[in-house]
Amino acid sequence: MLTGLNPYVVAGHFLLSSALITVAVVTWQRAREGDGAARALVGQPVRQLAWVLTAGSALLIAVGTMVTGAGPHAGDSAEVHRIPIDWKTVAQLHADLAWVVVALTLALWFVLRAVDAPAGPKARTRDLFLVLLAQGVIGYVQYFTHLPEVLVGLHMLGSALIWIGVLRVALSMRERPSEQPGIPGPAQSGSPLASTV
Ligand code: HEM
């Protein structure tokens, strides 16, 4: 892995990469929807739950970078300083936060069904739940098998996929229709269109 790097820089690099993913997902979403005013697809309490899920996931990822910073992969060189916190404690906090995020996702999915929300938000929340489960399995396996690099790499990929999934859930709570096109006026006589009607 990396050598001679400050663990805070490694953590900051991961978080900045997640910020870039945010820009990419929002841009992708904006490119495939209209420019009309945003219209909520679910009520405000449901949207608030989605924001709590987003904030909880951001915290989970941030604490994940602390686990790496305090553990053996924060630069992988004997001279590299580790973030001075107990690795087991922060890994436990990280795993607990993962369970909180899984519970919030499940709660959101049930609430969306209870309020008979459109198919989009329900499908995005289900997708996130499935990716979270896969990531949780990878997390526990890497924890109990002393962090093989290949699993740590997969765990980082999973984190990126989860953040994409969380953003897609938040963005699915509203839609932006196309702006109504202006009604065209009558074709001018002499216009090539006038003779084709
Ligand atoms: C399910 C949602 C989860 C997410 C989004 C997530 C995310 C992350 C992130 C972003 C990192 C830091 C990557 C880096 O800075 O290079 C990390 C590290 C880590 N995570 Fe998770 N994680 C999740 C679940 C879990 C679970 C359930 C465990 C079980 C204990 C776990 C164990 C670890 C460990 C041991 C590390 C440190 C790996 C290393 O040495 O680099 N994670 N996680």
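Please refer to the structure placed before this passage.
These numbers were taken from a predicted model, which means no experiment stands behind them.

Now for the nonpolar core. Judged by nonpolar contacts, the single largest core of 33 residues is most densely connected at L53, L108, L112, L128 and M173. In contact with M173, not counting residues within four places along its chain, are A40, L41, V42, V46, R47, A50, L108, L112 and P121.

In this structure, H146 takes a positive phi of about 60° despite not being glycine. You can see H146 is positioned in the loop between α4 (119-144) and α5 (149-171). Of note in the backbone geometry, L147 takes a positive phi value of approximately 55° without being a glycine. If you trace the backbone, L147 turns up in the loop between α4 and α5.

This paragraph deals with the packing of aromatic side chains. Within this structure, the stated rule accounts for 4 aromatic pairs. On the numbers, 5.5 Å between centres and 10° between planes, the contact of W87 with Y143 is stacked. Of this pair, W87 sits in helix α3 (residues 87-114) while Y143 is found in helix α4, placing the two residues 56 residues apart along the sequence. On the basis of relative accessible area, Y143 is assigned to the partly exposed category, the value being 27%. Residues Y143 and F144 carry aromatic rings whose centres are separated by 5.0 Å and whose planes lie at 90° to one another, so their mutual orientation is edge-to-face. Linked through ring pairs, W87, Y140, Y143 and F144 together constitute an aromatic cluster. When the ring centre of W28 is taken as origin, the NZ or CZ atom of R32, which lies over that ring, is 4.2 Å away.

Glancing now at the environment of R30. Turning to its location among the elements, R30 is positioned in helix α1 (residues 7-31). Note: C-alpha distance between R30 and L171 (141 residues apart in sequence) is 9.8 Å. Among residues more than four places away in sequence, those in contact with R30 are D35, R174 and R176. A polar atom in the side chain of R30 sits 3.1 Å from the side chain of E33.

With that out of the way, let us pick up the pattern of salt bridges. One side chain can pair with another of opposite charge once the charged atoms of both are near each other. On inspection of all chains with the given rule, the structure shows 6 salt bridges. For E33, the salt bridge identified is with R174, shortest N-O distance 2.9 Å. You can see E33 sitting in the loop between α1 and β1 (39-40) and its partner R174 sitting in strand β2 (residues 174-175), a full 141 residues away along the chain. R174 carries the same exposure label as E33, and that label is buried.

Conventions used here
Residues numbered from 1 in each chain as written. Predicted model: local features only at pLDDT ≥ 70, side-chain atom pairs only at ≥ 80, totals over all residues. Heavy atoms only, no water. Core = buried A, V, L, I, M, F, W, Y, C linked by side-chain atoms within 4.5 Å. Buried < 20%, exposed > 50% of the residue type's maximum accessible area, 1.4 Å probe, protein only. Contact = heavy atoms within 4.5 Å. Helix = DSSP H or I, 4+ residues; strand = E, 2+ residues; numbered from the N terminus. Phe/Tyr/Trp six-rings, centres within 6.5 Å; stacked < 30°, edge-to-face > 60°. Lys NZ or Arg CZ within 6 Å of the ring centre and 35° of its normal. Polar contact = N/O pair within 3.5 Å; in protein donor to acceptor, adjacent residues only side chain to side chain. Salt bridge = Lys/Arg side-chain N within 4 Å of Asp/Glu carboxyl O.

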